[in-house]
Amino acid sequence: MFSITAANMAQYASKLDEGQQYLLKKYSNYRIDVYPTRRTAAAPDWVYAETYENATRAKLDGYTVKNAYGGIPFPIPKSGAELLWNHSLRVRPPAFSFPFNTYTIDPNGTVTLASSALNEFTLPYYIKGGTPESLKDGVYFEVLQAVTGPPFRAGELLMFHDQLDNTRPAWQYLVGQRRVRRAPTICCDTPNFVNSGVDFFDQAFVFMGP
């Protein structure tokens, strides 16, 4: 639709955060391209059916989700906590994987590889035919990350299980130690070592509880 540059940023200042404004001022060739909003999405029919059931059966007990399965848990959210759970339990395939590379870029434009890895995900919450009672230990989201680079990090492994009681048991394998350790800080506002600490674990995937 249009591009925002240093020349016209004042016109859109109310829509720009401080970081965006800083980049536009500092780098003359930096721009923000603006596109039409598109919200087309579709899920399998059984997911809509489960979402309908969740509207009356799902409950939030403190920060623990109860009696939800296979769809958006709170289609008519009544609190911010329910809204966040809708994001954490958003519709996704029951299993998928992808490789990724992340880089850090310093103010001089130097690009450094932070991580190369393969992420493998399973979502027991979205296995067709299940029930709220079928979730083993309340685990709804499982992640296994295998690091392949840079060389000094190759071979590291990270695994965590997100649970409906808002907890995250996590484990980490460090090559230099040759052992698996519990990793209780893979959450919250801990700097995210996957991205060299430039963001927090909570910021992955927009928001990633607990």
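So, here's what we can say about the structure. All values reported here derive from a predicted model rather than from experimental measurement. Each chain has its residues counted from 1, following the order in which its sequence is written. Residue-level local features of this predicted model are given only where pLDDT is at least 70; pairs of side-chain atoms are given and counted only at 80 or more, and the full residue set underlies all totals for whole chains, interfaces and linings. To obtain the side-chain values, all non-hydrogen atoms of the structure were used and water was disregarded.

1. Let's talk about the overall build of the protein chain
Here is step 1: On a plain count of helices and strands, the protein chain comes out with three helices and ten strands.
Here is step 2: Helical segments are the DSSP runs of H or I of at least four residues, strand segments are the runs of E of at least two, and each set is numbered from the N terminus. Beginning at the N terminus, the succession of helices and strands in the protein chain can be written as β-α-β-α-β-β-α-β-β-β-β-β-β.
Here is step 3: With the model as given, the accessible surface of the protein chain reaches about 13,100 Å², and the carbon-plus-sulfur share is 57%. Surface exposure here means Shrake-Rupley accessible area, sampled with a 1.4 Å probe, where a residue is shielded only by the protein chains that are shown.

2. Let's talk about the packing of aromatic side chains
Here is step 1: What counts as a ring pair is set by centres within 6.5 Å for rings of Phe, Tyr and Trp (its six-membered ring), and what kind of pair is set by the plane angle: stacked under 30 degrees, edge-to-face over 60, tilted for all other angles. Counted according to the given criterion, the structure contains eleven aromatic pairs.
Here is step 2: The interplanar angle of 15° and the centroid separation of 5.0 Å between the aromatic rings of Phe2 and Tyr12 together place this pair among those described as stacked. Of this pair, Phe2 sits in strand E1 (residues 2–4) while Tyr12 sits in the loop between E1 and helix H1 (18–26), and the two are ten residues apart along the sequence.
Here is step 3: With a relative accessible area of 18%, Tyr12 lands in the buried category. Only protein chains enter the accessibility calculation, which uses a 1.4 Å probe; a residue is then buried when its area is under 20% of its type maximum, exposed when over 50%, and partly exposed in between.

3. What about the pattern of salt bridges?
Here is step 1: Here, a salt bridge means any side-chain nitrogen of Lys or Arg that lies within 4 Å of a carboxyl oxygen of Asp or Glu. Tallying each qualifying case throughout the model produces five salt bridges.
Here is step 2: Across the pair Arg57 and Glu50 runs a salt bridge whose closest N-O atoms are separated by 2.5 Å.
Here is step 3: Accessibility expressed as a relative area gives 16% for Glu50, which makes it buried.
Here is step 4: The residue Arg168 makes a salt bridge to Asp162 at a minimum N-O spacing of 2.5 Å.
Here is step 5: Overall, the relative accessible area of 3% leaves Asp162 in the buried class.

4. What about empty space enclosed by the protein?
Here is step 1: Definitions used throughout: a 1 Å grid over protein atoms alone; a cavity as a set of points that fits a 1.4 Å probe which cannot get out; a pocket as an open set with protein on both sides within 12 Å along at least five of seven lines; a lining residue as one with an atom within 4 Å of a point. Grid points are joined across faces, edges and corners, and a volume is the space filled by probe spheres set on the points. All told, the structure shown has one cavity of 30 Å³ or more when counted by the stated rule.
Here is step 2: Within this model, the largest cavity holds a volume of roughly 70 Å³.
Here is step 3: Of the residues that constitute the lining of the largest cavity, the class distribution is five nonpolar, two polar and three charged. Classes in brief: Ala, Val, Leu, Ile, Met, Phe, Trp, Tyr, Cys and Pro nonpolar; Asp, Glu, Lys and Arg charged; the others, Gly included, polar.

5. Concerning the pairing of strand E8 (residues 157–163)
Here is step 1: Summarising burial for E8: five of the seven residues are buried, a large majority.
Here is step 2: Across seven bridges, strand E7 (residues 139–149) lies against E8 in antiparallel orientation. Within the sheet, the bridge partner assigned to Leu144 lies in E8 and is Met159.
Here is step 3: Note that E8 and strand E9 (residues 170–174) share four bridges and pair antiparallel. Residue Leu157 lies in a different strand from E9, and its bridge partner there is Tyr173.
Here is step 4: The antiparallel hairpin formed by E8 and E9 contains six residues in its connecting segment, where Asn166 sits at a positive phi of about 70°. At least two DSSP bridges between two strands are needed for those strands to be called paired.

6. Regarding a nonpolar patch on the surface
Here is step 1: Residues forming no salt bridge and having over 30% relative accessible area are the ones grouped into patches, like charges within 9 Å of each other and nonpolar side chains (Val, Leu, Ile, Met, Phe, Trp, Tyr) within 5 Å. A grouping of Tyr103, Ile105 and Val111 is seen on the molecular surface, where their side chains present a nonpolar patch of about 340 Å² in accessible area.
Here is step 2: If you trace the backbone, Tyr103 turns up in strand E5 (residues 95–105).

7. A short note on the layout of surface pockets
Here is step 1: Each pocket or cavity is described by its volume, and for the largest pocket that value is around 250 Å³.
Here is step 2: Forming the walls of the largest pocket are 17 residues, and the residues nearest its centre are Asn119, Gln145, Val194, Ala204 and Phe205.
Here is step 3: For the lining of the largest pocket, the leading source of residues is E5, giving three residues.
Here is step 4: In terms of residue class, the lining of the largest pocket is made up of eleven nonpolar, five polar and one charged.

8. Comments concerning the sheet that holds E8
Here is step 1: The six strands lie next to each other as E5-E6-E7-E8-E9-E10, forming an open sheet whose pairing is antiparallel. Of all strands in the sheet, those bounded by a partner on one side alone are E5 and strand E10 (179–182). Strand-to-strand twist in this sheet, taken as the mean axis angle between neighbours without regard to direction, amounts to 20°. Only the stretch in contact is used when fitting a helix axis, every axis being a line fitted to C-alpha atoms; angles between N-to-C directions are given from 0 to 180 degrees.

9. Points about the side chain of Glu82
Here is step 1: Mapping Glu82 onto the fold places it in helix H3 (residues 80–88).
Here is step 2: Charge assignment in this entry is limited to Lys and Arg as positive and Asp and Glu as negative, and neither His nor the chain termini are counted. For the buried Glu82, which has no salt bridge, the nearest side chain bearing the opposite charge is Lys78, at an N-O separation of 5.2 Å.

10. Details of H3
Here is step 1: The complete set of buried residues in H3 reads Glu82, Trp85, Asn86 and Ser88. Burial along H3 is one-sided: seen end-on, the buried residues are contained in an arc of 160°.
Here is step 2: Those residues of H3 hidden inside the fold are in contact with strand E3 (59–61), strand E4 (64–66), E7 and E8. This arc is taken over the directions from the axis of the helix to the C-beta atoms. Between two residues, a contact is recorded if the distance between any of their heavy atoms is within 4.5 Å.

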